[in-house]
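Geometric and topological summary
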Amino acid sequence: MQAVVVNNEPLMEGIYRLTLEGRHGGKAGQFYMLRCWDSFPLLSRPISIHDLSEDSITFLYRVHGGGTELLSKLLPGNSLTLEGPYGNGFPSPQGRTALVGGGMGIAPLLLAAKEMPEADVYLGYSGEAFAESSFRSIRSSGGLTIISGGTILDSLEPHRYDTIMTCGPVPMMEELARRCAGSGASLYVSVEKRMACGIGACNGCAVETPSGIKKACVDGPVFPVEEVNFHDLALL
Amino acid sequence: MTSLCCKVGTLNLRNPIIMASGTFAFGAPYAKLYPLDSLGGISTKGLTVEPRTGNRGTRLIETASGLMNSIGLENPGLSHFLQFELDRMCQYDTAIIVNLGGGSLEEYEKGASMLQQAAATRAAEGKRGIDMVELNISCPNVKQGGMQFGLHTEKAREAVRIVRRITDLPLMIKLSPNAYDLTGMAAMCEEEGADAISLVNTFLAMSVDLKSRRSSFQQTYAGLSGPAIKPIALRMVHQVCRSTSLPVVGMGGITTAQDVLEFIMVGASAVQIGTGNFMNPRTGASLAGEVTQLMKKERIESLEEIRGVI
Ligand SMILES: Cc1cc2nc3c(=O)[nH]c(=O)nc-3n(C[C@H](O)[C@H](O)[C@H](O)COP(=O)(O)OP(=O)(O)OC[C@H]3O[C@@H](n4cnc5c(N)ncnc54)[C@H](O)[C@@H]3O)c2cc1C
Ligand SMILES: Cc1cc2nc3c(=O)[nH]c(=O)nc-3n(C[C@H](O)[C@H](O)[C@H](O)COP(=O)(O)O)c2cc1C
Ligand code: FES
């Protein structure tokens, strides 16, 4: 499916917010496979839905290598190919809920925060914050904690929540898992694996779980913490 | 009217476009994107007698124009396939090719008899069955067997012989481009009574992770596919086509109609598309039409007219 770029704005060095025209499906935690090139690089890039509206879809991404570099060159009016929405997305919130994002992992949490208006949102950045104003505008009356240049985890008391959903660097999610253990909160983590197809056809995105190998692209990217093995996640 | 109908031995195909093993699962993920009746056939993910969990660690690395994979034959096992997947696949009006993998002669033997038995049972029930078996002696990503059979002609012969003895289903042998003597392999397949040959599987390749100072893959080597391998695959298909009278299904980096016609011109009866599905998941929906258009443009009336002209 083709879509036209409305805007592709740098929010800070190497971080872009890409908005495309059209009504696109999906829910928080799901992703699309994007490409704005013909044959090479070979594979499309999995990027989470950052925001959705009646007539647009938004992605938030960091320039990492060749593919995202090409995405960053897109100008309004250019078109790109997207396939999706893929993946399971975040579960519906049960009880008191917190959304915890670290760095680029905040990307899927904006739509999640919209879908779960009661949820408290915690955003942590190793450096300067980005895209935080979007979160402020939907949490104007509280429920939002932002830490730049430190760990967000110290601001969070897991025992105050029934459900915690997180997306961020593996070490952060692993530490969160440690802190959640025995707190009574159920933790869901959004994982990243290299993907060739995004639709469950290539077995490239295998995630080791106690109930066998699962696929990050169709069974995930969101898994209950009991299902993931952080050592396996660290091996991208 | 340009016709794309073709045959691989006794198997009739609507068109020469077959989806390659390991890139199309059992069809279902793509059936959500387009009707699979547009395909000549589907080769299933490589199946083994027992389920396999596949390799740990990194499984995919992109290269310039290519893709390296170290999946390690992760699959749900033949019993699961026969019980749960085959019926669904049979709803697609396209040839069903079952890709059989294995790590030992015993495993190939057991797998072949499971397929033979399933085919017989289905025939008795008046159900559609397995149109062809593609014997994979060329998987580079498993320690035990797999490609070991695909390197040495005499080792491969044992696998082909045992499977041929057990099944009368149309049998295609999938060759490894890493084989020491490719045309010797082809001759062996003919001698052992195979019905067709397919090639190439992936090329043994390597990628280094600078930070960890190790191979990017836990199994050290991985299999390279995609446009990067096309010129070599084309040469190999040409060599094999010239050396055997068996029908040959060619593959390796095919992504466009032009690629398809090139493989037919070097002698392939049909082709398979693997990595191309990842570049565009709808490749199978449009490729046959694009081949027809290109044939019209080049004033080619039928595939026979150009097959093996080089
Ligand atoms: C489900 C999912 C959702 C994601 N959502 C976002 C998002 O919203 N914003 C964002 O900035 N990034 C996101 N990522 C990570 C993003 O996909 C990678 O940063 C991107 O693929 C890198 O491509 P590249 O060509 O720039 O980098 P390169 O390093 O050149 O890429 C080489 C290959 O490795 C793969 N790759 C590299 N890093 C990753 C990674 N972290 N995860 C998966 N594949 C990788 C690439 O897809 C490509 O095939 C997500 C990843 C997944 C799996
Ligand atoms: C992710 C992946 C998985 C594969 N799995 C199998 C397999 O299970 N059995 C098999 O015979 N070939 C397998 N192959 C090889 C392909 O069927 C094909 O032979 C090879 O990729 C070359 O074709 P291509 O360049 O069009 O991809 C796999 C290839 C890829 C990329
Ligand atoms: S990316 Fe292909 S199975 Fe998940």
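This is a predicted model, so every value here is computed, not measured. (Residues numbered from 1 in each chain as written. Chains lettered and ligands numbered in written order. Predicted model: local features only at pLDDT ≥ 70, side-chain atom pairs only at ≥ 80, totals over all residues. Heavy atoms only, no water.)

Residue and element names in this part refer to chain A. Partitioning chain A into structural domains gives domain 1 (2-86) and domain 2 (97-234). At the junction of the two partners, domain 1 supplies 20 residues and domain 2 supplies 21 residues. Summed over both partners, the interface of domain 1 with domain 2 comes to about 1800 Å²; 69% of that surface belongs to carbon and sulfur atoms. Between Asp 51 and Lys 114 there is a salt bridge, with the nearest N and O atoms lying 2.9 Å from each other. Where domain 1 packs against domain 2, one counts five residue pairs in polar contact (both at pLDDT 80 or more). Elements with a contribution of two residues or more to the side of domain 1 that touches domain 2: strand 1 (2-12), strand 2 (15-21), strand 3 (31-35), strand 4 (45-48), strand 5 (51-53) and strand 6 (56-62). Residues belonging to the side of domain 1 that touches domain 2 are distributed by class as follows: 13 nonpolar, three polar and four charged. (Domains from an automatic or database assignment. Contact = heavy atoms within 4.5 Å. Buried area = accessible area lost by both parts, 1.4 Å probe. Salt bridge = Lys/Arg side-chain N within 4 Å of Asp/Glu carboxyl O. Polar contact = N/O pair within 3.5 Å; in protein donor to acceptor, adjacent residues only side chain to side chain. Helix = DSSP H or I, 4+ residues; strand = E, 2+ residues; numbered from the N terminus. Nonpolar A, V, L, I, M, F, W, Y, C, P; charged D, E, K, R; others polar.)

Around ligand 1 sit 22 residues in total, of which Pro46(A), Gly67(A), Thr68(A), Glu192(A) and Glu62(B) are the nearest. Among the chains of the assembly, those with residues near ligand 1 are chains A and B. Interatomic distance of 2.8 Å between a backbone N/O atom of Arg62(A) and an oxygen atom of ligand 1. Its free accessible area being 820 Å², ligand 1 has 87% of it covered by the protein chains. With four residues, the single largest contributor to the shell around ligand 1 is strand 4 of chain A. Here the shell around ligand 1 is built from residues that sort into ten nonpolar, six polar and six charged. The residues that make up the shell around ligand 1 include at least three from each of domain 1 (2-86) and domain 2 (97-234) of chain A. (Near = heavy atom within 4 Å. Areas by Shrake-Rupley, 256 points an atom, 1.4 Å probe, with all protein chains shown as cover.)

Lining the immediate surroundings of ligand 2 are 24 residues, of which Ser21(B), Lys174(B), Gly226(B), Gly253(B) and Thr275(B) lie closest. Proximal residues around ligand 2 fall on chains A and B, making this an inter-chain site. In the environment of ligand 2, an oxygen atom lies 2.7 Å from a nitrogen or oxygen atom belonging to the backbone of Ser21(B). Here an oxygen atom of ligand 2 and a side-chain polar atom of Lys174(B) are 2.8 Å apart. For ligand 2, the accessible surface in isolation is 610 Å², of which the surrounding protein chains cover 98%.

All names here are of chain B. Under the present numbering, the feature "binding site: substrate" (unreviewed entry) in UniProt falls on Lys 45, Asn 69, Ser 70, Ile 71, Gly 72, Leu 73, Asn 136, Asn 201 and Thr 202. Take Leu 73: it is sitting in the loop between strand 6 (66-69) and helix 2 (78-90). For Leu 73, a relative accessible area of 5% puts it in the buried group. Structurally, Thr 202 is set in the loop between strand 10 (196-199) and strand 11 (203-206). According to the relative accessible area criterion, Thr 202 is buried, its value standing at 9%. (UniProt positions renumbered as here; feature names shortened; annotations may be inferred. Buried < 20%, exposed > 50% of the residue type's maximum accessible area, 1.4 Å probe, protein only.)

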